[in-house]
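Tertiary structure, described
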Amino acid sequence: MKILVTGGLGYIGSHTCVELAKNGHTVVIVDNLSNSKLETLDRLTEITGARMAFYRVDVTDYRATAEIFAAHTIEGVMHFAGLKAVGESVEQPLAYYYNNVLGTITIAKLCLEYGVNKFVFSSSATVYGDQASPLYEDMALGQTTNPYGETKAMSERILTDVTKANPRFAVSLLRYFNPVGAHESGLIGEDPNGIPNNLMPYVTRVAKGLLPCLRVFGNDYDTPDGTGVRDYIHVVDLALGHVAAFENLQPGVSIFNLGTGKGTSVLELVHAFTAENGVAVPYEIAPRRVGDVATCFADASRAARDLGWRAKRGIREMVRDAWRFESATKGTKGTFPFVR
Ligand code: NAD
Ligand code: WQD
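Since the structure is predicted, the reported quantities are computational estimates derived from the model, not experimental observations. (Residues numbered from 1 in each chain as written. Chains lettered and ligands numbered in written order. Predicted model: local features only at pLDDT ≥ 70, side-chain atom pairs only at ≥ 80, totals over all residues. Heavy atoms only, no water.)

**Looking at helix α2 (residues 39–48)**
Within α2 the residues assigned to the buried category are Thr 40, Leu 41 and Leu 44. Down the axis of α2, the smallest arc covering the buried residues is 105°, so these residues share one side. Downstream of α2 by a residue or two, Gly 49 has a phi angle that is positive, lying close to 80°. (Buried < 20%, exposed > 50% of the residue type's maximum accessible area, 1.4 Å probe, protein only. Helix = DSSP H or I, 4+ residues; strand = E, 2+ residues; numbered from the N terminus. Arc of directions from axis to C-beta.)

**Digging into helix α9 (residues 266–277)**
The terminal C-alpha atoms of α9, which comprises twelve residues, lie 17 Å apart, in line with the 16 Å expected from a rise of 1.5 Å per residue. Three or more residues of α9 are buried, namely Val 266, Leu 267, Leu 269, Val 270, Ala 272, Phe 273 and Asn 277. Buried residues in α9 make contact with α7 (199–208), β8 (214–217), β10 (232–234), β12 (264–265), β13 (283–286) and α11 (315–328). Gly 278, located one to two residues past α9, shows a positive phi value of around 65°. (Expected span 1.5 Å × (residues − 1). Contact = heavy atoms within 4.5 Å.)

**Considering the side chain of His 234**
Along the polypeptide, His 234 turns up in strand β10. Of note is the side chain of His 234, whose polar atom sits 2.8 Å from the side chain of Asp 321. Beyond its immediate stretch of four places on either side in the chain, His 234 contacts Val 180, Ala 182, Arg 313, Glu 317, Met 318 and Asp 321. (Polar contact = N/O pair within 3.5 Å; in protein donor to acceptor, adjacent residues only side chain to side chain.)

**What to know about the site of ligand 1**
Near ligand 1 you find 26 residues, and of these Asp 31, Asn 35, Ser 36, Asn 99 and Tyr 148 are the closest. Contacts to ligand 1 include Asp 58, whose side-chain N or O atom sits 2.9 Å from a nitrogen atom. Lys 152 places a side-chain nitrogen or oxygen 2.8 Å from an oxygen atom of ligand 1. Elements represented by at least two residues in the shell around ligand 1 include exactly α1 (11–22), β5 (118–124) and α6 (147–165). Among the elements that make up the shell around ligand 1, the one with the highest residue count is β5 (three residues). (Near = heavy atom within 4 Å.)

**Digging into the nonpolar core**
If you look at soluble globular proteins, the nonpolar side chains tend to sit buried side by side. Counting 35 residues, the largest nonpolar core has Ile 29 and Leu 44 as its most contacted members. Counting only elements with at least two residues in this core, the list comes to β1 (2–6), α1, β2 (26–30), α2, β6 (170–176), α8 (235–247), β11 (252–258) and α10 (301–307). The element that contributes the greatest number of residues to this core is α8, accounting for seven residues. Discounting residues that sit within four places of it in the chain, Leu 44 has contacts with Gly 8, Leu 9, Ser 14, Cys 17, Val 18, Ile 29, Gly 49, Ala 50, Met 52 and Ile 188. If you look at the next biggest cluster of nonpolar residues, it comprises 24 residues, including Tyr 202, Val 270, Val 279 and Val 281. (Core = buried A, V, L, I, M, F, W, Y, C linked by side-chain atoms within 4.5 Å.)

**Things to note about the side chain of Ser 155**
Relative to the helices and strands, Ser 155 resides in helix α6. Here Ser 155 falls in the buried class, since its relative accessible area comes to 1%. Not counting residues up to four positions away in its chain, the partners in contact with Ser 155 are Asn 100, Val 101, Thr 104 and Phe 121.

All we've got here are geometric facts, nothing functional implied.
Now the structure itself:
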């Protein structure tokens, strides 16, 4: 099928483009390059052997996006395009509501206008708020604690209402847990600008010597070693989850957790990184980070039952592939100053 992938040059979108191509789909990418590089398109060609159609367009721009729908017979959409930094969303709420909510509305509107009934949406475990793990899809949406999370909850509600009004519309809301790792080729991976907020890219940059020391945010949580527990999922498993969700789309809304169902603490991840890669990661214990919960992991059984999908790669593969990508990456990341 011909699938429009919004945000297809970003971290998760690019890995999904690879798996879609491997499964015989034709990919059309739209990305405004606000958090990605055109070079990734060449990397996708290197990995898949296929040159994917690419449009540098902002998906909040209805007219420009409509031209893509007019030029291609799009049969389904995967909507990844969005801003994703939690802290930034608190400082710039309008940018997040505008980009993420208007982007979802624009893409959904064009789907209806062009008769595209298959829609896969990048949601997040953040929509559960601080409810206790394991988190189940049937739980009510939780109290989101930041504008980013609110844009995901709002987009979920918007897409749910659109399917109620358009019974042939098939939407899959995919709630990701903590995506990490990289493609095994080392050619694509997570490459955030500036100082990373998320744990794994921070760890890889400390390991590479680009940052001096990891700050472990709290060791007094009610967890086995006191540090925060999360459900890390290899980005290639996540990408495969998208292919499975797309190929099993049913009219109406379906919701799937994409996680492993297994929690790993900050220190477990750091120790696994060092053991697997033989590289030290200096760390210090720092105060808790505002807004963090102690534990967050999925009940992943619905995706296994309904999609026949489950994550196969473990923490060792995650830390190995993250490090392979970081070791191979050259570029601007080393130019920012050390912070303590
Ligand atoms: P990313 O920033 O690497 O990718 C997003 C891509 O969308 C980027 O290439 C960016 O340039 C593009 N983009 C942003 N706004 C756009 C717009 N208006 N028009 C066109 N392109 C636009 O992020 P990612 O980690 O790959 O995340 C993909 C999606 O998954 C996002 O919606 C994100 O909120 C969601 N998500 C991510 C995580 C995570 O931890 N990475 C977790 C849960 C959900
Ligand atoms: C993981 C653990 C930290 C950095 C965020 C978003 C969520 C989703 C995924 C988009 C926590 C600890 C981190 C560091 C640390 N994104 N940590 N030192 O917060 O679970 O989820 O990304 O939807 O919405 O909130 O991920 O990688 O930031 O943190 O100790 O320098 O690592 O406290 O326990 P988080 P994370």
